[in-house]
Amino acid sequence: MVWLVIEVLQILLIGMLVVGYRNLQRRMDEGRYRFDTHPPPSVTDE
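Since the structure is predicted, the reported quantities are computational estimates derived from the model, not experimental observations. (Residues numbered from 1 in each chain as written. Predicted model: local features only at pLDDT ≥ 70, side-chain atom pairs only at ≥ 80, totals over all residues. Heavy atoms only, no water.)

Chemist: Just to check I follow, could you spell out the overall build of the protein chain for this structure?
Modeler: The number of helices and strands found in the protein chain is 1 helix and 0 strands. Expressed as a percentage of the 46 residues in the protein chain, the buried residues total 2%. (Helix = DSSP H or I, 4+ residues; strand = E, 2+ residues; numbered from the N terminus. Buried < 20%, exposed > 50% of the residue type's maximum accessible area, 1.4 Å probe, protein only.)

The following block contains the structure:
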């Protein structure tokens, strides 16, 4: 019984990590796209 609970928890943990990694990748891709269309302000442009 205990090993079944541990197995389920491991599967849930792996699933959460995969979803978090996908969200992070999507956010990074959106950020890269935004910088392509609107470059960040340069420190030297004052």
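Picking up after the structure, the text goes on.
Chemist: I would appreciate a short explanation of a nonpolar patch on the surface in the present structure.
Modeler: Judged by side-chain polarity, Met 1, Trp 3, Leu 4, Val 5, Val 8, Leu 9 and Leu 12 come together as a nonpolar surface patch covering roughly 770 Å² of accessible area. Within the element layout of this structure, Leu 9 appears in helix 1 (residues 2-37). You can call Leu 9 exposed: its relative accessible area is 53%. (Patch = residues over 30% accessible without salt bridge, like charges linked within 9 Å, V, L, I, M, F, W, Y side chains within 5 Å. Areas by Shrake-Rupley, 256 points an atom, 1.4 Å probe, with all protein chains shown as cover. Salt bridge = Lys/Arg side-chain N within 4 Å of Asp/Glu carboxyl O.)

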